[in-house]
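A look at the structure
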Amino acid sequence: LFTNEFFWNAFRNTITIGIISTVPQLCLALGIAHLLNYRLRGKTFFRVAMLMPYATSLAAATVIFIELFGYDYGFVNWFLHLLHLPRIDWQNSKWAAQIAVSVIVTWRWTGYNALIYLAGMQTIDTALYEAAAIDGASRWRQFLHVTLPGLRPTILFTIVVSTIGAAQLFGEPFLYDPSHSPNGGTANQYQTLSLLMYQQGWTYDHLGLASATAWTMFVFILLAVSLNTALVRRRDRRGLRKTAGATR
C-alpha cells in the first residue's frame, strides 16, 4: 500500500479537503451559534433553516453545486467575470475542485454543528455573562473569556466528529465527479481514501489493497483523535495551573 502512488495522492487529498472544509465550517458554526444565543426575532425559524442543508438530499445538493461551479454557465464564474476576474475550472483544476467539494461539505454540516454549539452555550451559567457585563466586558470579550472556555468539551466533540467525517469523506467527491466514478476527477485531483478503497475493492477487485486502505483510515482517525484529545488536556492542565497560581 505504501508504495502505491494513488494511496499517497488520496491521503494528501483527504487531509487538504478535511482542513479546507472543517476549519471554516466550525468557525462559521461557532459564529452563527453565538448570534442565535442572543435574543433574536424568529429564532425558531433560523434554527430550522440551519438544519435544512443537513436534511436535504446529498445527491440533489451536489447537482446544484455542480451547476453553480460550472465553467461556462456557472453562477460562480459569472460572478468572477462580473468582477473582471478570470474564470476558474472548478472541475479539473486540483485546488479549485477541492475547494468546491469542501464548500459542499461546509454548506451541509455548518448548521448541524451550530446547533450543537448553541445547545452547549445554553448550558453556560448566565451569571457569568452578567458578571462580565458588570465588569465592562464587551460581547466579544464575553465570547472569548466566558463562551469559549465553557464550550471547550463541545468544541472537542465537534473537532473529533469532523475529523472522523473528513477521513471517511465519500459522498460529496463521488457525486461531484460528472461520471460518478470513484476516480475523484480526471487526474484523481480530489480522490479521497474512501474513494480509493471503493475503487480498489469494487471496481478493480483488489480486496487486499482495499482492506489495507480501510485499516490505514482507522489508524489515521485514531491518531488524529488522540492528538486532539492530548492538546485539549494539555490546555486544561495549563489553565488549572494558572488558576491555582492566581488563587495563591
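None of the values given here were measured: they were computed from a predicted structure.

So, the overall build of the protein
- Counting secondary structure elements, the protein contains 11 helices and zero strands.
- Helices (α) and strands (β) of the protein occur, in sequence order from the N terminus, as α-α-α-α-α-α-α-α-α-α-α.
- Counting only C-alpha atoms, the protein reaches 65 × 45 × 30 Å along its principal axes.
- Relative to its 248 residues, the protein shows a buried fraction of 40%.
- Positive and negative side-chain charges in the protein, numbering 19 and 11 respectively, have mean positions lying 16 Å apart.

Looking at the packing of aromatic side chains
- Taken as a whole, this structure holds 21 aromatic pairs when the rule is applied.
- With centroids separated by 5.6 Å and ring planes inclined at 65 degrees, the aromatic side chains of Phe170 and Tyr198 adopt a geometry described as edge-to-face. Of this pair, Phe170 sits in the loop between helix 8 (152-167) and helix 9 (171-176) while Tyr198 is found in helix 10 (residues 193-203), placing the two residues 28 residues apart along the sequence.
- Taking relative accessible area as the criterion, Phe170 reaches 29% and is therefore assigned partly exposed.
- Looking at Tyr198, the relative accessible area reads 32%, which means it is partly exposed.
- An aromatic cluster of three or more residues is present, and its members are Phe2, Phe7, Trp8, Phe11 and Phe220.
- It is Lys94 that lies over the ring of Trp95; its NZ or CZ is 5.9 Å from the centre.

Thoughts on the packing of helix 3 (residues 58-68) against helix 5 (residues 94-121)
- Running from N to C, helix 3 and helix 5 cross one another at 130 degrees; their axes reach a closest spacing of 11 Å. With respect to helix 5, the axis of helix 3 lies oblique. In the packing of helix 3 onto helix 5, the handedness of the crossing is right-handed. Of the residues in helix 5, those in contact with Leu58, Ala61, Thr62 and Phe65 of helix 3 are Val103, Ile104, Trp107 and Arg108.
- For the contact of helix 3 with helix 5, the class distribution of residues is six nonpolar, one polar and one charged.

Description of a nonpolar patch on the surface
- A cluster of nonpolar side chains, contributed by Ile64, Leu68, Phe75, Trp78, Phe79, Leu82, Leu83 and Leu85, occupies part of the molecular surface with about 780 Å² of accessible area.
- Mapped by element, the contributors of at least two residues to the nonpolar patch are helix 3 and helix 4 (75-82).
- The biggest single contributor to the nonpolar patch is helix 4, with four residues.
- Note on placement: Trp78 falls in helix 4.
- Residue classification places Trp78 among the partly exposed positions, given a relative accessible area of 48%.

Calculation notes
- Within each chain, residue numbers correspond to sequence positions counted from 1 in written order.
- Local features in this predicted model are restricted to residues whose pLDDT is 70 or higher, and side-chain atom pairs enter the listing and the counts only when it is 80 or higher, whereas totals over whole chains, interfaces and linings include all residues.
- Here the side-chain values reflect all heavy atoms present in the structure, with hydrogen atoms and water set aside.
- A run of DSSP states H or I qualifies as a helix once it reaches four residues; a run of E qualifies as a strand once it reaches two. Both are numbered from the N-terminal end.
- Each residue gets one of three labels from its accessible area relative to the maximum for its type: buried under 20%, exposed over 50%, partly exposed in between, using a 1.4 Å probe on protein chains only.
- For the purpose of counting charges, residues Lys and Arg are taken to be positive, whereas Asp and Glu are taken to be negative. His and the chain ends are not included.
- Charge coordinates come from a single atom per side chain, which is NZ of Lys, CZ of Arg, CG of Asp or CD of Glu.
- Ring pairs shown here join Phe, Tyr and Trp side chains whose ring centres sit within 6.5 Å, with only the six-membered ring taken for Trp; geometry is labelled stacked below 30 degrees between planes, edge-to-face above 60, and tilted in between.
- By the criterion adopted, a ring carries a charge over it if an Arg CZ or a Lys NZ lies within 6 Å of its centre and within 35 degrees of its normal.
- Whenever a helix is involved, its axis is fitted only over the stretch in contact; in every case the axis is a line through C-alpha atoms, and angles between N-to-C directions fall within 0 to 180 degrees.
- Roughly parallel here means an angle under 35 degrees, roughly antiparallel means over 145, roughly perpendicular means 65 to 115, and every remaining angle is called oblique.
- Crossings are classed by handedness, with left-handed meaning an anticlockwise turn of the near helix from the far one by less than a right angle and right-handed meaning a clockwise turn.
- Residue contacts are counted whenever heavy atoms from the two residues lie within 4.5 Å of one another.
- Under the scheme applied here, ten amino acids are nonpolar (Ala, Val, Leu, Ile, Met, Phe, Trp, Tyr, Cys and Pro), four are charged (Asp, Glu, Lys and Arg), and all others, including Gly, are polar.
- Candidates for patches are residues over 30% relative accessible area with no salt bridge; among them, like charges are joined within 9 Å and nonpolar side chains (Val, Leu, Ile, Met, Phe, Trp, Tyr) within 5 Å.
- For the accessible areas, the method is Shrake-Rupley and the probe is 1.4 Å, while residue cover comes only from the protein chains on display.
- Here, a salt bridge means any Lys or Arg side-chain nitrogen found within 4 Å of an Asp or Glu carboxyl oxygen.

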